[in-house]
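For reference, the chains in residue letters:
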Amino acid sequence: MVKITGFVTRDVRFPTSLDKTGSDAMNAAGDYSSAYCIIKTDSQHEGHGMTFTIGRGNEIVCAAISTIASLVVGKDLDEITADWGKTWRYLVSDSQLRWIGPEKGVIHLALGAVVNGLWDLWAKTLAKPVWRIIADMTPEEVVRCIDFRYITDALTPEEAVALLKEVEPTKQDRIRDAEQNRAVPAYTTSAGWLGYSEEKLKALLAQSVEDGFKHFKLKVGGSLENDKRRLTIAREAIGYDKGNVLMVDANQVWSVPEAITYMKELAQFKPWFIEEPTSPDDVLGHAAIRKALSDTPYGPIGVATGEMCQNRVMFKQFLQAGALTVLQPDACRVGGVNECLAILLLARKFGIPIVPHSGGVGLPEYTQHLSTIDYVVISGKRSLLEYVDHLHEHFEHPASVKDGYIVTPTEPGYSVQMKPDSMEQYSFPGEPGKSWWTSEEAKPILTGPRI
Ligand SMILES: [Mg+2]
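Every value quoted in this text rests on a predicted model; they were computed, and no experiment measured them.

Parameters and conventions
Residues numbered from 1 in each chain as written. Predicted model: local features only at pLDDT ≥ 70, side-chain atom pairs only at ≥ 80, totals over all residues. Domains from an automatic or database assignment. Contact = placed C-beta atoms within 7 Å. Helix = DSSP H or I, 4+ residues; strand = E, 2+ residues; numbered from the N terminus. Nonpolar A, V, L, I, M, F, W, Y, C, P; charged D, E, K, R; others polar. Core = buried A, V, L, I, M, F, W, Y, C linked by C-beta atoms within 7 Å. Buried ≥ 20, exposed ≤ 12 C-beta atoms within 10 Å, placed from the backbone. Pairing = 2+ DSSP bridges. Right-handed = clockwise from strand over helix to strand, strands pointing away. UniProt positions renumbered as here; feature names shortened; annotations may be inferred. Axes fitted to C-alpha atoms, helices over the stretch in contact; angles between N-to-C directions. Parallel < 35°, antiparallel > 145°, perpendicular 65-115°, else oblique. Arc of directions from axis to C-beta.

## Details of the domain arrangement of the protein
Piece 1. Partitioning the protein into structural domains gives domain 1 (4-127 + 431-447) and domain 2 (166-406).
Piece 2. Contacts between the two partners involve 28 residues from domain 1, matched on the other side by 30 residues from domain 2.
Piece 3. Sorting the residues of the side of domain 1 that touches domain 2 by element identifies strand S3 (47-53), helix H3 (84-91) and helix H5 (105-126) as the ones contributing at least two each.
Piece 4. When the residues that make up the side of domain 1 that touches domain 2 are grouped by side-chain class, the tally is 14 nonpolar, 10 polar and four charged.

## Description of the nonpolar core
Piece 1. Counting 132 residues, the largest nonpolar core has Cys37, Ile65, Ala110 and Val114 as its most contacted members.
Piece 2. It is H5 that provides the largest number of residues to this core, a total of 12 residues.
Piece 3. In terms of domain composition, this core takes at least three residues from each of domain 1 (4-127 + 431-447) and domain 2 (166-406).
Piece 4. With residues up to four places along the chain from it excluded, the contact list for Cys37 reads Phe7, Thr9, Gly49, Met50, Ile65, Ala69, Ala113, Val114 and Gly117.

## Brief notes about helix H14 (residues 312-320)
Piece 1. Looking at H14, one finds that the buried residues are Arg312, Met314, Phe315, Lys316, Phe318 and Leu319.
Piece 2. On its buried side, H14 packs onto helix H13 (283-292), strand S9 (326-327) and helix H15 (336-350).
Piece 3. Downstream of H14 by a residue or two, Gly322 has a phi angle that is positive, lying close to 65°.

## Focus on the pairing of strand S8 (residues 302-305)
Piece 1. Bridging between strand S7 (residues 273-275) and S8 involves three bridges; their strand directions are parallel. Each residue of the ladder has a partner; that of Glu275, found in S8, is Ala304.
Piece 2. In this region the chain leaves S7, passes through H13 and returns to the parallel neighbour S8; the handedness of that crossover is right-handed.
Piece 3. Note that S8 and S9 share two bridges and pair parallel. Along S9, the bridge assignment pairs Thr305 with Leu327.

## Overview of the environment of Lys291
Piece 1. With respect to the element layout, Lys291 can be found in helix H13.
Piece 2. Linking Lys291 and Val355, residues 64 residues apart in sequence, is a C-alpha distance of 21 Å.

## Quick word on the UniProt feature "domain: Mandelate racemase/muconate lactonizing enzyme C-terminal" (unreviewed entry) in the protein
Piece 1. What UniProt calls "domain: Mandelate racemase/muconate lactonizing enzyme C-terminal" (unreviewed entry) maps, in this numbering, to residues 198-296.
Piece 2. Taken end to end, residues 198-296 is 49% helix and 13% strand, and its first and last C-alpha atoms sit 28 Å apart.

## What to know about the packing of helix H9 (residues 171-179) against helix H16 (residues 363-378)
Piece 1. Orientation of H9 relative to H16, taken along the N-to-C sense of each, is 155°, at an axis distance of 8 Å. In this view, H9 runs roughly antiparallel relative to H16, as classed from their interaxial angle. From H9, Lys171, Arg174, Ile175 and Ala178 reach across to H16, where they touch Thr372, Tyr375, Val376 and Val377.
Piece 2. In terms of residue class, the contact of H9 with H16 is built from five nonpolar, one polar and two charged.

## A word on the environment of Arg144
Piece 1. Positionally, Arg144 belongs in helix H7 (residues 139-144).
Piece 2. Between the alpha carbons of Arg144 and Gly85 there is a distance of 5.6 Å; along the sequence they are 59 residues apart.
Piece 3. Sequence-distant contacts of Arg144, defined by excluding residues within four places in its chain, comprise Asp83, Trp84 and Gly85.

## Observations concerning unusual backbone geometry
Most peptide bonds take the trans form, and the phi angle of most residues other than glycine is negative.
Piece 1. Here the amide bond leading from Gly101 into Pro102 is cis, since omega sits at -15°, within 30 degrees of zero.
Piece 2. Assignment of secondary structure puts Pro102 in the loop between helix H4 (95-98) and H5.
Piece 3. Going from Phe428 to Pro429, the amide bond is cis rather than trans, its omega being -5°.
Piece 4. Of note, Pro429 is situated in the loop between helix H17 (420-425) and helix H18 (443-447).
Piece 5. One non-glycine residue, Tyr150, lies in positive phi territory at about 80°.
Piece 6. Position of Tyr150 relative to the elements: it lies in the loop between H7 and helix H8 (157-167).
Piece 7. Positive phi outside glycine occurs at Asn251, with the angle close to 45°.
Piece 8. With 21 C-beta atoms packed within 10 Å, Asn251 lands in the buried category.

## Comments concerning H9
Piece 1. Here H9 has its buried residues at Arg174, Ile175 and Ala178. Seen from one end, H9 has its buried residues packed into an arc of 105°, which puts them on one side. In H9, those exposed residues whose orientation departs by more than 90 degrees from the buried face are Gln172, Asp173, Arg176 and Glu179.
Piece 2. Elements that come into contact with the buried residues of H9 comprise helix H6 (130-135) and H16.
Piece 3. One or two positions beyond H9, positive phi appears at Asn181, with a value near 60°.

## With respect to the sheet that holds strand S1 (residues 4-13)
Strand pairing in a sheet relies on backbone hydrogen bonds. The paired strands run either parallel or antiparallel.
Piece 1. Pairing within the open sheet is antiparallel, and its three strands lie in the order S1-S2-S3. Single-partner strands in this sheet number two, and they are S1 and S3. Across the sheet, the mean angle from the axis of one strand to that of its neighbour is 15°, orientation sign disregarded.
Piece 2. In terms of strand pairing, S1 meets strand S2 (residues 33-41) through nine bridges, oriented antiparallel. Each residue of the ladder has a partner; that of Ile4, found in S2, is Thr41.

Listed below in structure tokens is the structure:
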């Protein structure tokens, strides 16, 4: 028996704004950060969970993590995992905390860190990676992980069990694929950040082609002229007829009519989809954009969103409205593994592929599990996963790519355990002499203008 005895939170920030890694039309200079939660127990195991932010405000998420994590202190892990759907409902049912959500915003980001920390802990006690725990469950056990409140008009637990049973007979074949690192094809955004120079773009694209990638995503939405030039460079590097796929991402900068006009201008570059064309809350706006771009002279352009979609209820509506070509859940913006399972099942029901959001520190470590679960257990089909090649060196068991596929994680846990030295070196505001944030180098970020 493992009893939860306490927790600590850590505010860890990496100064990525210095070189514009992660820059896009909305997020000009982010410092990739982790609001981190370590769940302590009376055993040798700890649960490590985190939520991704891009810097300022990370301390607010850490404070929210403390209010939620205290709900599990003193509990036995067995009690938490015996009926996960019930546990998840319990964690969102503190009525006073619910007022500052419910199930969205900072409090939900914090829930993601705590829930994922509990899964990491559970996986370590079972000596399995998280994806394997789900792969070894029966359909009924998978469905019991989910709180179906607010989604039964689109998907009932009984339907969910039936969907899982449809793909179950071939599950062992897909587990073998996963064990051979053939479950999750990867795509790259590493070349496409808006703040990178054209020379850097060219060099990184050439490298990505050489590394075996087939899908490439570029940020757009800064200026049309500039985007046309960058997309010309991209198409020169990856070709139109070599089986390479181009995607573009506007990070919410446009209103609905602007998105339609702008994307018609970029249609000649034949992108598969436009990601986050407008407000992440605008379900009907996304549906209108998808409809308007469904027959450009160069073919259809799909619509993708999800990295800032706050919960399963919103995803349900996006799907019901026919607003999505591709669904991109974030592993910690929604309430952790359990709510992700609900979202993956909703996507399966509506026949929409999932391509989880991974552009952030720790996200590829999480989403490699989710995409593997989707392939092995839920959709039975290979999709794609974003792989961003930054900051992996800070993790004990970093995500990696080989031959264009994600290397399936095999170590027990949920893969976001950060190295103690990295946590110390990048803790914020940090101790003088220990944290980078107390150095001279940090001053331009700390005292410069906020953008
Ligand atoms: Mg994006």
